[in-house]
Each structure stands twice: as structure tokens, then as C-alpha cells.
Amino acid sequence: MKEHIYTIPVTDAFRLAAEERSCPVCLMKSKLEADSLEYTLGPSYMEDDARAETDKAGFCAVHWKKLYSMENRLGLSLIMRTHVQHIIRVIDKFRGADPVKRAGLFSRSAERAAPLSLYAGLRSIESGCCICARIGESLDRYIETMFHIWTKTPELHTLVEHCGGFCLTHFVTLLNAGPRELDERGWRAFFDTVFPIQRKSMEILEADLAWFIKKFDYRSADDPWGHSRDALPRALKTVSGIVEY
Ligand SMILES: [Zn+2]
Ligand SMILES: [Zn+2]
């Protein structure tokens, strides 16, 4: 297969997924996350553009925690300080809007609009995350690329078979994006390849879980584990898409 610079992250993830029997999109996502964490606490935090972005949106709890665990206390403190300054600016902007000063339950909408602005201003900070946003954008591009090269790349079909399909979250993502990205014939071909793989891997997972549960019965204590020993973490990975347990 001819590889282009934009297809490499996609094909690499599929190859690794086949080796690890993981969801390829989860692997793309965790690579993007690692790169984005690295970028955030790399030299970029001294650049105005990058700081303006992190000041505005901040990070979600998961990514604040991951950044904190990277042990660059100075870098994170600088990012955090300007982020807190941004929060103060937003609070000050709505200083005049006293949420207590209301006419009561039946106050007119104009009187209630101001406190809602403070809510909207802070809510956009509280619910935003620069890293989640970056991952989301890049992952959408990778998924587009995957659909784009799918028909011309039979190797991907074999690799999907080896990795056992996608996690539930990303299977749903593909079901949503596929009909938009492919024409009817292409979508049908993709679906006909992936659906049986997906169905089969869920069936195997269910059987492994059943065996794992059976092993708790003292009568089965001496039976072999078969493939059931890691059935629960595998199921968590498949159902929730979380890579590490
Ligand atoms: Zn996944
Ligand atoms: Zn996040």
C-alpha cells in the first residue's frame, strides 16, 4: 500500500491494534492525547497563541490531573495562573449583574438575563478542555482518512479482523460518520466487512465472561481458565473504550 503522510497515523494505529487486539480508534486517540499533553507542557506554554487557547478553555478534570502528574510544576503553575486571571476577568465582566437582586419568581426575563450571562461565561470555561478539543478535531480527520482509504486498502480489512473490531464508543462513531463519508456502495462494503467481526468479538467476549463467572463456582475451581482470565478488563475496554486498567 502506498502510504501518504496523512495516512500513516491511521495505518500505524490499525497495525498496532492488530498486534494488541485493541480498538484502532482508541489507539489513535491515546496517541493524540499523549502528544497533546506533551505539547501543552512543552515549550508551547511560553507561546502567546498556545497560552491564549489554554487561558480561555482550560482543561477537563481528567486532563488537569494528567498534566499535574507530568510533574512540570512551574509550567503548569504558569498555565494555571493565567487561566485563573482569565476566570477573574470573566467574573469582573459580570460584576454589575447581581444574581441576588431579582424581583422574585416572576421577575421579567430582562432582569434575569444578567446572572445567566455569568453562568454562561463560567460554564464555557468549566466545560471546556483544550486537549479534548484538539483530540476531537484530529480524530475526526483520522476517521475521515480511514473511510477515504478503506476501499483501496484491503490490508485494513485484515487488520480489523485481527484486532477484533472497535470498542462500542468508536463503533457508534463509525456508524454515525460512515454514511456521510462513503457513498452507499462503499458504506455497504464497509458495513459488511466490519459487522460480522464486531458481532463475533462480542460473542467471544460474552462466552469468556460466562467462563470467568463459572470459575467462581467451587465445582469449576480446577477447570482451566482458557481465555477468560482477562475477560473483565477486556470487556471494560470494549464497552467503555478506556485503554488502561
Ligand atoms: Zn475505541
Ligand atoms: Zn479533556
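Details of the structure are given in the entry above.
Let us look at the structure shown here. On a predicted model such as this, the values are computed, not experimentally measured, just so you know. (Residues numbered from 1 in each chain as written. Chains lettered and ligands numbered in written order. Predicted model: local features only at pLDDT ≥ 70, side-chain atom pairs only at ≥ 80, totals over all residues.)

Digging into unusual backbone geometry
- Phi angles above zero are rare outside glycine, and Arg21 is one such case at about 50°.
- With respect to the helices, strands and loops of the structure, Arg21 is situated in the loop between helix H1 (8-20) and helix H2 (24-40).
- Residue Arg21 is classed as partly exposed on the basis of its C-beta count, with 13 C-beta atoms lying within 10 Å.
- Of note, Glu71 is a non-glycine position whose phi angle comes to about 60°, a positive value.
- Along the chain, Glu71 turns up in the loop between helix H4 (61-68) and helix H5 (73-93).
- Judged by the 9 C-beta atoms lying within 10 Å of it, Glu71 is exposed. (Helix = DSSP H or I, 4+ residues; strand = E, 2+ residues; numbered from the N terminus. Buried ≥ 20, exposed ≤ 12 C-beta atoms within 10 Å, placed from the backbone.)

Concerning H1
- Between its first and last C-alpha atoms H1 spans 18 Å; for 13 residues at 1.5 Å apiece the expected length is 18 Å, and the two agree.
- Along H1, the residues that are buried comprise Val10, Thr11, Ala13, Phe14 and Ala17. All buried residues of H1 fall inside an arc of 155° around its axis, so they share one side. Exposed and facing more than 90 degrees away from the buried side of H1 are Ile8 and Glu19.
- In this structure, the buried residues of H1 make contact with H2, helix H7 (130-150) and helix H8 (154-163).
- Immediately downstream of H1, the backbone of Arg21 shows phi near 50°, a positive value. (Expected span 1.5 Å × (residues − 1). Arc of directions from axis to C-beta. Contact = placed C-beta atoms within 7 Å.)

Things to note about the environment of Ile91
- Within the secondary structure layout, Ile91 lies in helix H5.
- Each C-alpha atom, one on Ile91 and one on Leu122, is 7.8 Å from the other, the two residues being 31 residues apart in sequence.

Examining the packing of H7 against helix H9 (residues 168-181)
- Close contact between H7 and H9 brings their axes to 10 Å; oriented N to C, the two are set at 60°. As the angle between them shows, H7 and H9 are arranged oblique. Relative to H9, the crossing made by H7 is right-handed. Counted together, Ile143, Glu144 and Phe147 of H7 and Thr173, Ala177, Gly178 and Glu181 of H9 form the full contact between these two elements.
- Split by residue class, the contact of H7 with H9 holds 3 nonpolar, 2 polar and 2 charged. (Axes fitted to C-alpha atoms, helices over the stretch in contact; angles between N-to-C directions. Parallel < 35°, antiparallel > 145°, perpendicular 65-115°, else oblique. Left-handed = near helix turned anticlockwise from the far one by under 90°. Nonpolar A, V, L, I, M, F, W, Y, C, P; charged D, E, K, R; others polar.)

Overview of helix H10 (residues 184-214)
- Here H10 contains 31 residues, and its C-alpha end-to-end distance of 44 Å stays within 8% of the 45 Å for a straight helix at 1.5 Å per residue.
- The largest bend along H10 measures about 25° and falls at Val194, with the proline Pro196 one to four residues further on.
- On its buried side, H10 packs onto H7, H8, H9 and helix H11 (231-240). (Bend = angle between axes of the 7 residues up to and from the residue.)

What about the packing of helix H3 (residues 48-57) against H5?
- Between H3 and H5, the least distance of the axes is 8 Å, while the angle of their chain directions is 55°. In terms of orientation, H3 and H5 fall into the oblique class. Here the hand of the crossing between H3 and H5 comes out right-handed. Counting all contacts with H3, which are made through Arg51, Thr54, Asp55 and Lys56, the residues of H5 involved are Ile79, Thr82, His83 and His86.
- Split into classes, the residues belonging to the contact of H3 with H5 amount to 1 nonpolar, 4 polar and 3 charged.

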